[in-house]
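As a plain string of letters, each chain reads:
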Amino acid sequence: GRAIAPDKNPVNFRDLLGVNGIWGWGTNSFSSTSNGSYGPLRFIGMSSHARNYHNWNWDVSDPDSPPPFDEMVARGSVDWGVIPGHSSKLSQDWLNWDYEYTAWHKAGLQVQVSIQFTSEMFPQQVFNDPYSAGFKYGYAFARHFGPTQGTGDVWTVEVGNEPWIAGMGYPDPVFYSEILLGMARGVKDADPTMRVLPAVFSNNDVPARVNATHLQYLDGFNVHAYSYAHTVRGRTGVHPEHNMSSLHEVDWMLRFRDANAPGLPVYLTEWGWDSDGGGEGCGPPPERAGDAPFPECVSEASQALYAVRGALVLARKGLSRLTWYFYGNQEISTQTWDKIKGLFGRSGLVSSRAAGFQSKRALYALEVFVSTLGHTHFMGVLREDAEAFVYLLGDGNATVTHVVAWRPVDGEDVNSSLISFALSGQPVKAWRLGLGSYVAAPLPQLSGSSWQMQVSGAPCAVEIKPLLASRFTVAFIVTLPMAVSGFDAVKADYIAAVASVAGVATQAVKVVSLEPAAGTAGAAGARRLLLIGVNVGTEIVADSRTQAEAVAVALTAESLGSPLTARGLPQLTSFPSAPRVVLGTFLVAAPANSKKCSLERSWEDLIAIKVADRTAACSSDASKQAAGNCLENVVTGGLGPDMLDGVYEVWVCVSAGLPGLKCASTDGPAPGLIDGMQCFRFNEKSQTFDYWGTNQVQKLVPSGVRRCGACP
């Protein structure tokens, strides 16, 4: 299909990149015993996060039983880091997950956990109630490991890894759908700040297993993709730009997201290439010495090049996480060779334990990439053709700081070519990427705004003097139904509101222009345009266009973009006097009654009310029926793509009659109806609830009966 249109990626490369690990990282001992030569500390130079494969059946032998995570050590212990010996109450009595995840967290990695379950672990028929089983597990997991009330070691949980996998999967889509809904709701009930993702399925299977109800509790979609093409050698590892590469299968998920949940992040939780290196090759075990190396495996040099080029290409597609598979090579036995050859056995960034965990070139290449460009975001495309890929990187807002260019060719192609492209700005420094170390490169040659640059399969990064990608660092465009004299009376209110949303002092807010609206000829009482700029480290400068022309272009062509939106700042919910405010042509002000409600309760109070509702519903003999039909007074959820870390992370909607809810007026839907629920965002800094509107406007709680949750 058609290529995904490029757009600024709101996530920088440091936060995009992560690595798949496993319990013990190949050492057969808890990660808390590891040091910098192995374990999670080994990968902090290229990873912001790490993903673990956490088997459900390691925790309980019966999936309908809640896992006793608070009893992973001897009863009475107050140290969650103790190795339990054989006193753990989990089904693996030697296991204490705190001794594992605490080490990952302390290493500086944000932990993402994939709860694995297959028919080999738990056949479908052993589940008495898939929804309830999922709810109990999710609630216990988030309550113990989550950021709000638990250890704080785990931030993201996936409901399954690949539960469809051939020979071990669940063919019944309704079965998985029930587990997903139960586990997602259980997680959110215990800790609304914990992110929830579904498992990975083939394209056609997703709509059968994930529906609109699930989307209320999900914080993203999940996908796996590797770079293969079918050649005369069979399925063969190829470069990421190859037009037949299976890596482009992520485009389907991005289009599915755009059609069904616009803005929801898509996490690529497995990607990478098998390669030789670290003292290990791609050939068969000695018992199969006559076999050829498996064709998915590329050279060590190609793996390093593809890792960096792949990260650039995938960031350009708009993915929100890129988690490399795998941390290390695995043993290739006769059994695995006969089954899948060496597939994924050489995908590590280090060699296997048997070869001493030696670093491969890809690990060094990603470390150089993150240390030099990790703070940057993908900003745009200058060229993307058979001769060269040329990308712009920058601060994610308005400033372009780097250009990266390379030939989209096989990693074994060492030829270079001279390319040209148009770009304003002065190159400062250049270096090569995808190699085993930092390698300086010659600066491009300039003639006016024309650049000439020598490129090869190893990307060349060029630091440039900052360019303004849009005319203003930040722009607010306000349409006023008043003359200039009317604006003067509310000018201070506008400036204060802009400063509050942008998070800067009022002195940083500057009135750039106040011009007549197009076609009004400045008549008294005509609609006026106000352009307010916020200076965030870069001076607001004029160009050849007049300010009035700049305003017209902004309104008609949306040329200014929205730096604040790209950073994930909250939607503007209150702005004095103006019926319509456009922030970078994207965000609009709420109605004039946007401050009509307040909620004088604590977050803990609301969670207690949720629990009490469910407990009351489950107190009778008809508990399951009651729990399935009771009306909740409190409904919560995560903000997903609208999240601003540390400020706005969760929302809550409450029934109109809830004690502590105070509203200035009773306009709107009748109390007691779902549309009449009043919705707020919880401000983590002030520990208060900021009004967001009625559910009729925000549509956070779907119409129909709201289930209070599974009974204990």
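Worth saying up front: this structure is predicted, and the values here are computed from it rather than measured. (Residues numbered from 1 in each chain as written. Predicted model: local features only at pLDDT ≥ 70, side-chain atom pairs only at ≥ 80, totals over all residues. Heavy atoms only, no water.)

Participant: Quick rundown of the overall build of the protein chain? Include the residues and the values.
Facilitator: Scanning the protein chain for helices and strands turns up 16 helices and 30 strands. Looking at the protein chain as a whole, 55% of its 712 residues qualify as buried. Surface accessibility of the protein chain: about 28,500 Å² in total, with carbon and sulfur atoms responsible for 52%. (Helix = DSSP H or I, 4+ residues; strand = E, 2+ residues; numbered from the N terminus. Buried < 20%, exposed > 50% of the residue type's maximum accessible area, 1.4 Å probe, protein only. Areas by Shrake-Rupley, 256 points an atom, 1.4 Å probe, with all protein chains shown as cover.)

Participant: Could you give an account of the pairing of strand β4 (residues 154–159), naming the residues involved and the relevant values?
Facilitator: The element β4 is largely enclosed, with a buried count of 5 among its 6 residues. With respect to chirality, the unit in which strand β3 (residues 110–116) leads through helix α3 (residues 130–145) into the neighbouring parallel β4 is right-handed. (Right-handed = clockwise from strand over helix to strand, strands pointing away.)

Participant: Requested: an account of the pattern of salt bridges, with residues and values cited.
Facilitator: Tallied over the entire structure, the rule returns 17 salt bridges. Between R407 and D413 there is a salt bridge, with the nearest N and O atoms lying 3.3 Å from each other. Taking relative accessible area as the criterion, R407 reaches 14% and is therefore assigned buried. The closest approach of N and O atoms between K662 and E600, which form a salt bridge, is 3.2 Å. Taken together, the residues K662 in strand β28 (residues 661–663) and E600 in the loop between β25 (597–599) and α14 (603–617) connect sequence positions 62 residues apart. Connected through shared salt-bridge partners, R51, E158 and E270 make up one network. (Salt bridge = Lys/Arg side-chain N within 4 Å of Asp/Glu carboxyl O.)

Participant: Can you lay out helix α8 (residues 300–317) for me, pointing to particular residues and giving the numbers?
Facilitator: An ideal rise of 1.5 Å per residue puts 26 Å on 18 residues; α8 measures up with 26 Å between its terminal C-alpha atoms. Counting buried residues along α8, 16 of its 18 residues qualify, which places the element largely inside the surrounding structure. Following α8 by one or two positions, G318 adopts a phi angle in the positive range, close to 100°. (Expected span 1.5 Å × (residues − 1).)

Participant: Which residues make up the packing of aromatic side chains, and what values do they have?
Facilitator: For the structure shown, the criterion picks out 57 aromatic pairs. Look at F69 and Y137: their rings are 6.0 Å apart centre to centre, the planes differ by 80°, and that puts the pair in the edge-to-face class. Of this pair, F69 sits in the loop between β2 (49–55) and α2 (98–106) while Y137 sits in helix α3, and the two are 68 residues apart along the sequence. By relative accessible area, which is 2% here, F69 ends up buried. Relative to F175, the ring of F127 has its centre 5.0 Å away and its plane inclined at 80°; by these criteria the two rings are edge-to-face. Pair noted here: F127 is in the loop between β3 and α3 and F175 is in helix α4 (residues 173–190), with a separation of 48 residues, a long-range link. On the basis of relative accessible area, F175 is assigned to the buried category, the value being 3%. (Phe/Tyr/Trp six-rings, centres within 6.5 Å; stacked < 30°, edge-to-face > 60°.)

Participant: A description of the side chain of S246 should follow, citing residues and the corresponding values.
Facilitator: Along the chain, S246 falls in the loop between β8 (234–237) and α7 (250–260). You can call S246 buried: its relative accessible area is 15%. Within the structure, the side chain of S246 is placed 2.4 Å from the backbone oxygen of Y226, a separation counted as a polar contact. From its side chain, S246 meets the backbone nitrogen of Y228 in a polar contact 2.9 Å long. Those residues within four positions of S246 in sequence are excluded, and the remaining contacts are A225, Y226, S227 and Y228. (Polar contact = N/O pair within 3.5 Å; in protein donor to acceptor, adjacent residues only side chain to side chain. Contact = heavy atoms within 4.5 Å.)

Participant: Explain the sheet that holds β3 to me, and be specific about the residues and the numbers.
Facilitator: Taken together, 8 strands build an open sheet; the order of strands is β5-β4-β3-β2-β1-β10-β9-β6 and the sheet is parallel. The open sheet has two free edges, formed respectively by β5 (195–198) and β6 (221–224), since each of these has just one partner strand. Shown here is a sheet whose adjacent strand axes are inclined to one another by a mean of 25°, direction ignored. Pairing of β3 with β4 involves 5 bridges; the strand directions are parallel. Opposite V111, over in β4, you have V154 as the bridge partner. α4 contacts β3, β4 and β5 of the sheet and is inclined by roughly 175° relative to β5. Along the sheet, α8 makes contact with β1 (17–20), β9 (266–271) and β10 (321–324), crossing β9 at roughly 170°. (Pairing = 2+ DSSP bridges. Axes fitted to C-alpha atoms, helices over the stretch in contact; angles between N-to-C directions.)

Participant: Report on the confidence of the model for the protein chain, specifying residues and quantitative values.
Facilitator: Residue-level pLDDT values for the protein chain average 80, and 74% of them are 70 or greater. With pLDDT under 50 throughout, residues 467–484 is counted as low confidence; its partners more than four residues away or in other chains account for 89 contacts. Low pLDDT, under 50, characterises residues 621–629; the stretch is placed with 15 contacts to residues that sit more than four places away or in other chains. (pLDDT = per-residue confidence, 0-100.)

Participant: Quick one: what's the story with the environment of N683, residue by residue and with numbers?
Facilitator: Position of N683 among the secondary structure elements: in strand β29 (residues 678–683). Distance from N683 to V650, taken between C-alpha atoms, is 8.5 Å for residues 33 residues apart in sequence. Engagement of the side chain of N683 in a polar contact is seen with the side chain of D690, the distance being 3.3 Å.

Participant: Just give me the short version of the state of the cysteines, but keep the residues and values in it.
Facilitator: On inspection of all chains with the given rule, the structure shows 3 disulfides. Covalently, C282 is tied to C297 through a disulfide, its sulfur atoms 1.8 Å apart. In this pair, C282 is assigned in the loop between β9 and α8 and C297 in the loop between β9 and α8, connecting sequence segments 15 residues apart. Take C282: its relative accessible area is 11%, and that puts it in the buried class. (Disulfide = S-S within 2.5 Å.)

Participant: I'd like to hear about the packing of α8 against helix α10 (residues 361–373), residue by residue, with values.
Facilitator: In the contact formed by α8 and α10, the axes pass within 8 Å of each other and the chain directions differ by 35°. With respect to the hand of their crossing, α8 and α10 are arranged in right-handed fashion. Contact with α8, carried on its side by E300, A301, Q303, A304, A307, V308, A311 and L312, involves R361, A362, A365, L366 and F369 of α10 and no other residues of that element. Split into classes, the residues belonging to the contact of α8 with α10 amount to 10 nonpolar, 1 polar and 2 charged. (Left-handed = near helix turned anticlockwise from the far one by under 90°. Nonpolar A, V, L, I, M, F, W, Y, C, P; charged D, E, K, R; others polar.)

Participant: Summarise the nonpolar core; cite the residues concerned and give the values.
Facilitator: If you look at the biggest cluster of nonpolar residues, it comprises 117 residues, and the most contacted ones within it are W56 and F141. Among the elements that make up this core, the one with the highest residue count is α8 (10 residues). Once residues lying within four places of it in the same chain are set aside, the contact partners of W56 are P63, I115, Q116, F117, F122, F127, A133, G134, Y137, I179 and M183. If you look at the next biggest cluster of nonpolar residues, it comprises 18 residues, including M379, I419, A441 and C460. (Core = buried A, V, L, I, M, F, W, Y, C linked by side-chain atoms within 4.5 Å.)

Participant: Give a detailed account of the side chain of R42, specifying residues and quantitative values.
Facilitator: Here R42 lies in the loop between β1 and β2. Buried and without a salt bridge, R42 has E367 as its closest oppositely charged side chain, separated by 6.4 Å. Beyond its immediate sequence surroundings of up to four residues, R42 is in contact with G36, S37, V350, F357, Q358, S359, L363 and E367. (Lys, Arg positive; Asp, Glu negative; His and termini not counted.)

Participant: Pulling in residues and values, what's your account of the sheet that holds strand β26 (residues 634–638)?
Facilitator: Strands sit in the order β26-β27-β29-β30 across an open sheet of 4 strands; the sheet is antiparallel. Among the strands making up the open sheet, the edge pair consists of β26 and β30 (688–694). Between one strand and the next, the sheet's axes are offset by a mean angle of 25°, whatever the strand orientation. Bridge count between β26 and strand β27 (residues 648–654): 5 bridges; the pairing is antiparallel. Among the inter-strand pairings, T636 is bridged to a residue of β27, identified as V652.

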